[in-house]
Amino acid sequence: MKLQRRVRPFSLDIGGLHLRSMRASDACQSMVDGLNHTKVARAINFVDGEFNIEKLRAFISGFDNVQRYLVGIFPKGRTTPVGFYRVEIGPRHKTAHLMVAVTDIGWLGKGLFHATCDAVCNEFFERRDVEKITSHVNTRNYMMLAHMTTTRFKLEGKLRKEVIGPGGERLDQYIFSWVKGE
Amino acid sequence: MTDGVTQKAIEQALQLVSRSFGQPASAIDPDTKLVDLQDFDSLAMEEILMELESVIGKPVEPDLIAQMETARDIARIIELHTQS
């Protein structure tokens, strides 16, 4: 018997923020501008760095809310996101890979990740059958590294020349992980 | 020298923190936690780390970042990595 894939959109309130699965209709110019901003593009390794509304819609549509989630971070009362989590689940091993991006430059440095990380990870641990979450951070993404050192993620190691940076050069990354129950 | 950290390294660390926060070095206590400084946010922390990288001449690794609570901690890192 073929198992039905269970679509489960993400929805969570954390203080003054509402986090929910993004829809193609959420694509907006402010998010496009954020993703094209040098600082954001460099931090999250979107190499082409040339988003437009259409590309953004297609990007958002690629997430199925089964194994691939794009969770927008919306301040309550606002219809445009200020950032997002991208979470990809490997069901065989109950693992997930997480990345976060702040796409509203005015919210950079304001602790969005710090305020939401535990709750987002716990949602995947408790309700989405994930037992280990990993996150890769470029070795010179100091803002994210500073955040990571204050979370329950632990440094596992360094991946040499793992990704291609915006200038075409290969970049090292650190890999952090959080195992359920630790 | 105090706590294995020279006055020179402490002054260097205070200058570095001062530049990142836009506050005079004389107004910063080397033992005050960075998170307790006015206007602390992760952008300021990022600036500190970029400045520290240029002082020690190599990327700052996560285990060092985890040790950086005060300017004195930064001074200790400078001291360790710039000794000839």
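Everything numeric in this text was worked out from a predicted model, so none of it was measured. (Residues numbered from 1 in each chain as written. Chains lettered and ligands numbered in written order. Predicted model: local features only at pLDDT ≥ 70, side-chain atom pairs only at ≥ 80, totals over all residues. Heavy atoms only, no water.)

Turning our eyes to something else, we now look at the interface of chain B and chain A. Interfaces are often sized by the accessible area lost when the parts come together. Counting residues at the interface gives 14 residues for chain B and 14 residues for chain A. Across the chain B to chain A interface the summed buried area is about 1300 Å²; carbon plus sulfur atoms make up 62%. The largest contributions to the chain B side of the interface with chain A come from Ser42, Glu46 and Pro62 of chain B, which together make up 40% of the buried area. If you look at where chain B meets chain A, you find two salt bridges. Between Glu53 of chain B and Arg140 of chain A there is a salt bridge, with its nearest N and O atoms 2.7 Å apart. Summed over the shared surface of chain B and chain A, the result is six residue pairs in polar contact (both at pLDDT 80 or more). Looking at the side of chain B that touches chain A, the elements with two or more residues in it are helix H2 (42–56) and helix H3 (62–67) of chain B. Counting residues per element, the side of chain B that touches chain A draws most heavily on H2 of chain B, at seven residues. (Contact = heavy atoms within 4.5 Å. Buried area = accessible area lost by both parts, 1.4 Å probe. Salt bridge = Lys/Arg side-chain N within 4 Å of Asp/Glu carboxyl O. Polar contact = N/O pair within 3.5 Å; in protein donor to acceptor, adjacent residues only side chain to side chain. Helix = DSSP H or I, 4+ residues; strand = E, 2+ residues; numbered from the N terminus.)

Time to look at the pairing of strand S2 (residues 17–21) of chain A. Residue and element names in this part refer to chain A. Counting buried residues in S2 gives four out of five residues, a clear majority hidden from the surface. As paired elements, strand S1 (residues 11–14) and S2 share four bridges and run antiparallel to each other. Across the sheet, the residue bridging to Ser11 is Arg20, located in S2. Of the strand pairs in this sheet, S2 and strand S3 (residues 68–75) are connected by five bridges, and their pairing is antiparallel. Across the sheet, residue His18 finds its bridge partner in S3, namely Phe74. (Buried < 20%, exposed > 50% of the residue type's maximum accessible area, 1.4 Å probe, protein only. Pairing = 2+ DSSP bridges.)

Attention now goes to the packing of aromatic side chains. All names here are of chain A. Tallied over the full model, the rule gives nine aromatic pairs over all chains. Measuring from ring centre to ring centre gives 6.3 Å for Tyr85 and Phe113, while their planes differ by 35°; the resulting arrangement is tilted. Of the two residues, Tyr85 is situated in strand S4 (residues 83–90) and Phe113 in helix H4 (residues 112–127); the sequence distance between them amounts to 28 residues. Aromatic pair Phe125 and Trp178: ring centres 5.4 Å apart, planes at 75°, arrangement edge-to-face. Taken as a pair, Phe125 in helix H4 and Trp178 in strand S8 (residues 170–179) lie far apart in primary sequence, 53 residues in all. Here Phe125 matches Trp178 in class, with each residue buried. A connected cluster of aromatic rings, assembled from ring pairs, spans Phe51, Phe59, Phe63 and Phe84. Sitting over the ring of Phe63, Arg68 keeps its end group 4.5 Å from the ring centre. It is Arg128 that lies over the ring of Phe124; its NZ or CZ is 5.9 Å from the centre. (Phe/Tyr/Trp six-rings, centres within 6.5 Å; stacked < 30°, edge-to-face > 60°. Lys NZ or Arg CZ within 6 Å of the ring centre and 35° of its normal.)

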